[in-house]
Number of protein chains: 2
Amino acid sequence: MVRKPEPVIRENMRGGRGRVYIYDVISKEEFLGHGRMYAKMVIPPGGSIGVHVHDNETEPYYILEGTGIFIDENGDRIPVGPGDSCTILPGQSHGIENAGDTDLVFMALIYNA
Amino acid sequence: MVRKPEPVIRENMRGGRGRVYIYDVISKEEFLGHGRMYAKMVIPPGGSIGVHVHDNETEPYYILEGTGIFIDENGDRIPVGPGDSCTILPGQSHGIENAGDTDLVFMALIYNA
C-alpha cells in the first residue's frame, strides 16, 4: 500500500522550542509490538526537542537535511548534519536543536530495549 | 554517539539492475533483535531492487528523493515520490525501481513479523 503521511504538529516537544512536524511512516500498530514510532521529523529554524530519557527503549536519529546540535547522554552538544547517525543506549537521554536557518529534517525510530 | 555511515554497495540486488548504495543507520546488533536492517538506500538512475518476498518479516519503504515505481504485493506498479510510505504485510513481496533521471533515495526498515 502506498500512502503519503500528513504531519502531526507538536508544540514545545519534550520542553523544546517551537513546533515539530511529525510524519509517521507507519502507525504504532504496524510496528507489530517492536516499538512505538517511526517517523520523519521536521524542526523549523529556532526550534528544538528538549532533552528526555528513553526508559526501556531507544531512539536513533538519522539526519537528512539541515544543521543541528545533538545533545547526547552526557549532555555534550555535537554539531550534526546530513548523513549523521545519532544513537543512544536504552535508558539514556538525548535532545536535538535546529542550529541553522533552514529546516532540520531527520528520521526517528523508537524501539523497545 | 554520532557517526556518519559509509555506504555498502550491492550489485543487482534481489535480481535488480545496477548498484544500490546502502547506508546503515544502525547495525543489526543495535536493532536489539527486532529486525535486521535500518538504512538509507540510494538507487541511481536506471537501477532497481528486484521483486522479493519477506517471509516472517516486513519492510516499509519511505521515499525521500527522486521518482520511483513501487511494485506491490499484487505486482501493481505504482508511481512514488518524496513523502510516500510504501508498506507490505509480512509474507508479501515488493520491489522498487528508479523511474527518473536523478537518484532515488529512500529509507528501508526490515523488522520481524
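Residues numbered from 1 in each chain as written. Chains lettered and ligands numbered in written order. Predicted model: local features only at pLDDT ≥ 70, side-chain atom pairs only at ≥ 80, totals over all residues. Heavy atoms only, no water.

## Side note on the relation of the copies chain B and chain A
- Superposing chain B onto chain A takes a rotation of 180 degrees plus a shift of 0.0 Å along the axis, which leaves an RMSD of 0.0 Å. The superposition operator between the copies reduces to a two-fold rotation axis. Judged by C-alpha distance, B:H34 is the residue of chain B that lies nearest the rotation axis, at 3.1 Å. (Least-squares fit on C-alpha atoms with pLDDT ≥ 70 in both.)

## Re the pattern of salt bridges
- Scanning the entire structure with this criterion turns up 10 salt bridges over all chains.
- Salt-bridge contacts for B:E11 lead to B:R19; the nearest nitrogen and oxygen are separated by 3.0 Å. (Salt bridge = Lys/Arg side-chain N within 4 Å of Asp/Glu carboxyl O.)

## A closer look at the interface of chain B and chain A
- Contacts between the two partners involve 35 residues from chain B, matched on the other side by 35 residues from chain A.
- Here chain B packs against chain A, burying approximately 2,900 Å² in sum over the two surfaces, 60% of which is carbon and sulfur.
- Considering only the surface of chain B that becomes buried against chain A, B:V2, B:H34 and B:Y62 emerge as the three largest contributors, covering 20% of it.
- Our count for the contact surface shared by chain B and chain A stands at 2 salt bridges.
- Residues A:K4 and B:D84 are paired through a salt bridge, measuring 3.2 Å at the closest nitrogen-oxygen approach.
- In this assembly, chain B and chain A are joined by 15 residue pairs in polar contact (both at pLDDT 80 or more).
- Of all the secondary structure elements, the ones that give two or more residues to the side of chain B that touches chain A are strand 1 (2-3), strand 3 (19-26), strand 4 (35-43), strand 7 (61-65), strand 9 (77-80), strand 10 (85-86) and strand 12 (104-112) of chain B.
- Per-element accounting of the side of chain B that touches chain A gives the leading share, 4 residues, to strand 12 of chain B.
- Considering only residue class, the side of chain B that touches chain A consists of 22 nonpolar, 7 polar and 6 charged. (Contact = heavy atoms within 4.5 Å. Buried area = accessible area lost by both parts, 1.4 Å probe. Polar contact = N/O pair within 3.5 Å; in protein donor to acceptor, adjacent residues only side chain to side chain. Helix = DSSP H or I, 4+ residues; strand = E, 2+ residues; numbered from the N terminus. Nonpolar A, V, L, I, M, F, W, Y, C, P; charged D, E, K, R; others polar.)

## Remarks on the environment of A:V20
Residues and elements named next belong to chain A.
- Assignment of secondary structure puts V20 in strand 3 (residues 19-26).
- Residue V20 is classed as buried on the basis of its relative accessible area, which comes to 0%.
- Considering only alpha carbons, one finds V20 and P44, 24 residues apart in sequence, at a separation of 7.3 Å.
- Sequence-distant contacts of V20, defined by excluding residues within four places in its chain, comprise V8, I9, R10, M13, M41, V42, I43, S48 and I49. (Buried < 20%, exposed > 50% of the residue type's maximum accessible area, 1.4 Å probe, protein only.)

## Overview of a negative patch on the surface
- Residues A:E65, A:D103, B:E65 and B:D103 make up a contiguous surface patch of negative charge.
- Along the polypeptide, A:D103 turns up in the loop between strand 11 (93-98) and strand 12 (104-112).
- Note on A:D103: relative accessible area 35%, which makes it partly exposed. (Patch = residues over 30% accessible without salt bridge, like charges linked within 9 Å, V, L, I, M, F, W, Y side chains within 5 Å. Areas by Shrake-Rupley, 256 points an atom, 1.4 Å probe, with all protein chains shown as cover. Lys, Arg positive; Asp, Glu negative; His and termini not counted. Charge placed at Lys NZ, Arg CZ, Asp CG, Glu CD.)

## A few points about the nonpolar core
- Among the nonpolar cores identified, the biggest contains 23 residues, and A:Y38, A:M107, A:L109, B:Y38, B:M107 and B:L109 are the most heavily contacted of them.
- Among the elements of the structure, strand 3, strand 4 (35-43), strand 7 (61-65) and strand 12 of chain A together with strand 3, strand 4, strand 7 and strand 12 of chain B are those that each provide at least two residues to this core.
- Leaving out residues up to four positions away in the same chain, A:Y38 has contacts with A:Y23, A:D24, A:V25, A:I26, A:M107, A:A108, A:L109, B:Y38, B:P60, B:M107 and B:L109. (Core = buried A, V, L, I, M, F, W, Y, C linked by side-chain atoms within 4.5 Å.)

## A word on the side chain of A:E57
Residue and element names in this part refer to chain A.
- With respect to the secondary-structure elements, E57 resides in strand 6 (residues 57-58).
- On the basis of relative accessibility, which here comes to 10%, the residue E57 falls in the buried class.
- A distance of 2.7 Å separates polar atoms of two side chains, one belonging to E57 and the other to R36.
- Ignoring any residue separated from it by four or fewer positions in sequence, one finds E57 in contact with R36, P90, G91, I110, Y111, N112 and A113.

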